[in-house]
Amino acid sequence: MTEDMLTAEEHDLEPIEPTAEPVPAVEPEPSRALVPVETPPSTRPRWQNEWEALHPALRAALTCWPAILIFAILALGSLGILTPFLYLPQLVVYGCAGALAVRWARQQGRADTPFGIGLLAGITLAGLDILTYFCVNVLVGVATGGLGLVSLCCMAGCAPLDAAISTLVAGLGAIIYDTMAAPRR
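Since the structure is predicted, the reported quantities are computational estimates derived from the model, not experimental observations. All residue numbers refer to position in the chain's written sequence, counted from 1. Local features are withheld for residues below a pLDDT of 70 in this predicted model, meaning they are given only at 70 or higher, and side-chain atom pairs are given and counted only at 80 or more; totals for whole chains, interfaces and linings count all residues. Note: side-chain values were computed over all heavy atoms of the structure, leaving out hydrogens and water.

A. Quick peek at the overall build of the protein. Counting its secondary structure elements, the protein contains 5 helices and 0 strands. Going residue by residue from the N terminus, the α and β elements of the protein occur as α-α-α-α-α. Type-normalised accessible area, obtained with a 1.4 Å probe on protein chains alone, sets the label of each residue: buried when under 20%, exposed when over 50%, and partly exposed for intermediate values. Expressed as a percentage of its 185 residues, the buried residues of the protein come to 28%. The contact criterion used throughout is that any non-hydrogen atoms of two residues lie within 4.5 Å. Across the protein, contacts joining residues at least 24 apart in sequence account for 73% of those joining residues at least 6 apart. Under the convention used here, a 1.4 Å probe and the Shrake-Rupley method define accessible areas, while residue burial counts only the protein chains that appear. Total accessible area on the protein stands at roughly 12900 Å², and carbon and sulfur atoms take up 69% of it. Secondary structure counts use DSSP, requiring at least four H or I residues in a row for a helix and at least two E residues in a row for a strand, with both numbered from the N terminus.

Dropping the structure here:
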């Protein structure tokens, strides 16, 4: 036998006897990610929980979109005559969308910059705005035998500039709201 294979008795060593009882093996706890978490029953409706789970910029854009829809209907009813007069109130709605986005982001504890979250709300609302005006112009074009399609071509040329201006106004509204609300935090 080699020295590596010698037992304790052959080396004249006394075997070590255990002094305490062996500790039973503890089963490891399952990962918390695998354990189903029971949520307490909520008294709030499901749609409200889903609404609050949306990104604050998307919620702000969806909240302000009905005002844009009203402006589009007024522009449709006047055959475009009121459109220049509705532009300033539309920009105010964009500023409000930026402010709402910052307010809801702060309530959720998000660390987004005010201008960035306002821009995101403005871009989202601008997309909804362009889609709304496109649909309204198509409806006018169908109802008037093609007259609304002229304004659709005009809108296609002005929509990018309008979206850029409106988005910047939303970012500015977010900064103004954040500045005004900062002392209260």
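Moving on, there is more to tell.
B. Focus on a nonpolar patch on the surface. Patch building starts from residues that exceed 30% relative accessible area and form no salt bridge, then joins like charges within 9 Å and nonpolar side chains (Val, Leu, Ile, Met, Phe, Trp, Tyr) within 5 Å. Salt-bridge detection follows one rule: a side-chain nitrogen of Lys or Arg within 4 Å of a carboxyl oxygen of Asp or Glu. The grouping of Ile-70, Leu-74, Leu-82 and Phe-85 at the surface amounts to a nonpolar patch, some 390 Å² of accessible area in total. Locating Ile-70 in the fold gives a position in helix α2 (residues 56-77).

C. Summary view of the pattern of salt bridges. Evaluated as defined, the whole model comprises 2 salt bridges. Between Asp-178 and Arg-106 there is a salt bridge, with the nearest N and O atoms lying 3.4 Å from each other. Placement of the pair is Asp-178 in helix α5 (residues 147-181) and Arg-106 in helix α3 (residues 83-107), with a sequence separation of 72 residues. Across the pair Asp-112 and Arg-110 runs a salt bridge, and its minimum N-O distance is 3.0 Å. Overall, Asp-112 belongs to the partly exposed group, its relative accessible area being 28%. Looking at Arg-110, the relative accessible area reads 31%, which means it is partly exposed.

D. Seen up close, the nonpolar core. What we call a nonpolar core is a set of buried Ala, Val, Leu, Ile, Met, Phe, Trp, Tyr and Cys residues that are connected through their side-chain atoms within 4.5 Å. Formed by 18 residues in total, the largest nonpolar core has its most connected members in Cys-64, Ile-68, Phe-71, Val-93, Tyr-94, Leu-125 and Tyr-133. When residues of this core are traced back to their parent elements, those giving at least two are α2, α3, α4 (114-144) and α5. The leading source of residues in this core is α2, at 6 residues. Ala-101, Val-102, Ala-105 and Ile-117 belong to the second-largest nonpolar core, a separate cluster that totals 9 residues.

E. A look at the side chain of Asp-162. With respect to the secondary-structure elements, Asp-162 resides in helix α5. Despite being buried, Asp-162 has no salt bridge partner; Arg-59 is the closest side chain of opposite charge, sitting 24 Å away. Looking at Asp-162, its side chain comes within polar contact range of the side chain of Tyr-87, at 2.9 Å. Asp and Glu count as negative and Lys and Arg as positive, but His and the ends of the chain are not part of the count. Pairs of N or O atoms are called polar contacts if they sit within 3.5 Å, as long as, within protein, a hydrogen donor faces a hydrogen acceptor (for residues adjacent in sequence, only side-chain-to-side-chain pairs).

F. Structural view of α2. Under the convention used throughout, the expected extent of a helix is 1.5 Å for every residue step, that is, one less than its residue count. Look at α2: 32 Å from first C-alpha to last across 22 residues, which is about the 32 Å you get at 1.5 Å a residue. At Trp-65, α2 shows its maximal bend, which comes to roughly 35°, and the proline Pro-66 appears one to four places after that position. Turning to α2, its buried residues are Pro-56, Ala-57, Arg-59, Ala-60, Ala-61, Cys-64, Ile-68, Phe-71, Ala-72 and Ala-75. Close packing links the buried residues of α2 with α1 (46-53), α3 and α4. In this analysis the local bend is the angle between axes fitted, respectively, to the seven residues ending at and the seven residues starting at the residue.

G. Up close: the side chain of Thr-167. Positionally, Thr-167 belongs in helix α5. Sequence-distant contacts of Thr-167, that is, excluding residues within four places in its chain, are made with Gly-118, Leu-119, Gly-122, Ile-123 and Ala-126.

H. Just the packing of aromatic side chains, in detail. By convention, a stacked pair of Phe, Tyr or Trp rings (six-membered ring in the case of Trp) has centres within 6.5 Å and planes under 30 degrees apart, an edge-to-face pair has planes over 60 apart, and any other such pair is tilted. Across all of its chains, the model carries 0 aromatic pairs by this definition. Above the plane of the ring of Trp-104 lies Arg-59, whose end atom (NZ or CZ) is 4.6 Å from the centre. Charges are assigned to positions over rings by a cutoff of 6 Å between ring centre and Lys NZ or Arg CZ, combined with an angular limit of 35 degrees from the ring normal.

Take it as geometry only, folks, not as evidence of what the structure does.
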